[in-house]
Amino acid sequence: MRRAMAAHLQPFTTTIFNEMSVLAARTGSINLGQGFPDTDGPPEVAEAAIAAIRAGHNQYPPGAGLPALRQAIAEHQRRWYGLDHDPDTEVVVTMGATEAIAAAMLGLCEPGDEVVTLEPYYDSYAATIAMAGAQRRVVTLRAPDFALDPDALAAAVGPKTRLVLLNSPHNPTGRVLSAGELDAVARVCLEHDLLAVTDEVYEHLVYDGRHIPLATLPGMAERTVTISSHGKTFSFTGWKVGWACGPADLIAAVRTAKQYLSYSGATPFQHAATVALALPASYYDELAAGLAQRRDLLCQGLRDAGLDTFTPQGTYFAVTDAASVGAADGVEFCFALPERVGVVAVPMSVFYDDPDAGRTLVRFAFCKRPEILAEAAARLKGLRPT
Ligand code: PMP
Ligand code: GLN
């Protein structure tokens, strides 16, 4: 028989996000599955993209990204975190954070290297680690607090470990790693001479505590690639403008892989992202304040429906334990939910190597209009036994 898909990709044929959005559309349900806002970001940013198209900025941008955008990203890192990056050599613009993650895995890992990451993990981590021929080793974050156990982290590191792929604020748990937890990661990296790749796409969506980039810890700037995205911070997830910052040799590796993935793209959106990054602090404050209110609205609604809910410190996701409404399996629960109450959510067991660790956990997104969240909450009350 003809061999079609490469074996290492076979576990990754569908993404749960797409599957759940298709289910939401098919059943006409409220989609609290895939994480995308149901309203657009700032109008002046949208206008900047339109103006860029009208001004004829429609051909390939430079492979590393528009110089003005790289400058704006470097400025963002300085303004928020005091990190200094040379926009020419230490910043690369990518097609969303997704491409930055893939390019980091492909550019930094050799076949056989090991990558330590947290589980539950964002699904592209497992796929891109596999594409690079590397192996993942996971450290499990467990309910109710989803804390990072430093001993488990140390135990996951071995002679083949090349890097730690970290995500904070963390999707799907909503955890924001504390200074102490980040310190444990830094210690492991320094002790074993590991690189770090950090996915900080939710850096501005923090409600309790504060976001600390791993690169700001002593000794980490020279070994860390920091990844983020315009999509989450400015509510234009479909534009796919992301970036990676770090020391020149690591960014050269990411850029080299990236140039053979997409080469470059999204020219008008890169112009608009440059405008977005220069918005005043009040924009960022209002974004977080608005989402904090919606977090509270959804969490209250979930609790009123009888679902045990873990209040997230960051991101726009809230995790519940569907066992509290009698479910034995989150996947079955989520596939039945549209029929039962007209709401879509994401089962978390698919983000674990050991599905039992998250068997009954279910993620709900709250980046939706308050009236939609209120309607979802009203519908979810139908889960309560009558
Ligand atoms: N990392 C995490 C943790 C995410 O949740 C997402 C989803 N948006 C991404 C990366 C991908 O970001 P982008 O849409 O910019 O590719
Ligand atoms: N990051 C978004 C989420 O976690 C979705 C992105 C995607 O569909 N790949 O829901």
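Residues numbered from 1 in each chain as written. Chains lettered and ligands numbered in written order. Predicted model: local features only at pLDDT ≥ 70, side-chain atom pairs only at ≥ 80, totals over all residues. Heavy atoms only, no water.

1. Details of the site of ligand 1
The environment of ligand 1 is made up of 13 residues, and the closest members are T98, D199, Y202, S229 and K232. The side chain of D199 places a nitrogen or oxygen atom 2.5 Å from a nitrogen atom of ligand 1. Between an oxygen atom of ligand 1 and a side-chain N or O atom of Y202, the distance comes to 2.6 Å. Protein chains shield 94% of the accessible area of ligand 1, which is 400 Å² for the free molecule. Considering each element in turn, the shell around ligand 1 owes the most residues, 4 residues, to helix 4 (residues 96-108). (Near = heavy atom within 4 Å. Polar contact = N/O pair within 3.5 Å; in protein donor to acceptor, adjacent residues only side chain to side chain. Areas by Shrake-Rupley, 256 points an atom, 1.4 Å probe, with all protein chains shown as cover. Helix = DSSP H or I, 4+ residues; strand = E, 2+ residues; numbered from the N terminus.)

2. Some details on unusual backbone geometry
A143 connects to P144 through a cis peptide bond whose omega is 5°. With respect to the element layout, P144 can be found in the loop between strand 4 (135-140) and helix 6 (150-156). Residue P169 is bonded to the preceding S168 through a cis peptide linkage, with omega at -10°. Among the secondary structure elements, P169 is positioned in the loop between strand 5 (161-167) and helix 7 (179-192). Although it is not a glycine, F146 adopts a positive phi angle of roughly 55°. In this structure F146 comes out as buried when scored by relative accessible area, which is 2%. At Y263, a residue that is not glycine, the phi angle is positive and equals roughly 60°. Structurally, Y263 is set in the loop between helix 9 (248-259) and helix 10 (267-277). (Buried < 20%, exposed > 50% of the residue type's maximum accessible area, 1.4 Å probe, protein only.)

3. Here we look at the pairing of strand 8 (residues 241-245)
In terms of burial, strand 8 is largely enclosed, as 5 of its 5 residues are buried. Judged by which residues are buried, strand 8 turns out to be covered on both faces: V241, W243 and C245 on one side and G242 and A244 on the other are all buried. Looking at chain direction, strand 2 (residues 91-95) and strand 8 are connected through 5 bridges and run antiparallel. Its bridge partner being in strand 8, T94 is matched across the sheet by G242. (Pairing = 2+ DSSP bridges.)

4. Details of the site of ligand 2
Near ligand 2, the surroundings consist of F17, Q34, G35, Y122, N171, Y202, K232, F317 and R363. Between ligand 2 and Q34 there is a distance of 2.6 Å, counted from an oxygen atom to a side-chain nitrogen or oxygen. A distance of 3.0 Å separates a nitrogen atom of ligand 2 from a polar side-chain atom of Y122. When the free accessible area of ligand 2 is taken as 300 Å², the share hidden by the protein chains comes to 81%.

5. A word on the pairing of strand 5
Across the 7 residues that make up strand 5, a large majority, 6, are buried. As defined by bridge partners, strand 3 (residues 114-119) adjoins strand 5 across 4 bridges and the pair is classed as parallel. Opposite E114, over in strand 5, you have T161 as the bridge partner. Of the crossover connections in this fold, the one passing from strand 5 over helix 7 to the parallel strand 6 (residues 195-199) is right-handed. (Right-handed = clockwise from strand over helix to strand, strands pointing away.)

6. A word on the sheet that holds strand 3
Strands sit in the order 2-8-7-6-5-3-4 across an open sheet of 7 strands; the sheet is mixed. Edge positions in the sheet fall to strand 2 and strand 4, since each of these pairs with one other strand and no more. When the angles between neighbouring strand axes are averaged without regard to direction, this sheet yields 20°. One ladder, built from 5 bridges, connects strand 5 with strand 6; its direction is parallel. In the strand pairing of strand 6, V164 is matched with A196. On top of the sheet, helix 3 (residues 67-81) reaches strand 2, strand 7 (224-229) and strand 8; it is set at about 110° to strand 2, its chief contact. The sheet contacts of helix 7 involve strand 5 and strand 6, and relative to strand 5 the element is tilted by about 165°. (Axes fitted to C-alpha atoms, helices over the stretch in contact; angles between N-to-C directions. Contact = heavy atoms within 4.5 Å.)

7. Side note on the nonpolar core
Counting 123 residues, the largest nonpolar core has M105, F333 and F364 as its most contacted members. At 8 residues, the largest contribution of residues to this core is made by helix 11 (residues 281-304). Contact partners of M105, with chain neighbours within four places excluded, come to V115, T128, I129, A132, L163, L165 and V197. (Core = buried A, V, L, I, M, F, W, Y, C linked by side-chain atoms within 4.5 Å.)

8. Regarding helix 11
With 24 residues, helix 11 ought to run about 34 Å at 1.5 Å a step, and its terminal C-alpha atoms sit 35 Å apart, in line with that. Looking at helix 11, one finds that the buried residues are Y283, Y284, L287, A288, L291, A292, R294, R295, L298, C299, G301 and L302. (Expected span 1.5 Å × (residues − 1).)

9. Quick look at the packing of helix 11 against helix 13 (residues 370-380)
Running from N to C, helix 11 and helix 13 cross one another at 10°; their axes reach a closest spacing of 8 Å. Put simply, helix 11 runs roughly parallel to helix 13. Residue-level inspection shows R294, L297, L298, G301 and L302 of helix 11 in contact with helix 13, the latter providing P370, L373, A377 and L380. (Parallel < 35°, antiparallel > 145°, perpendicular 65-115°, else oblique.)

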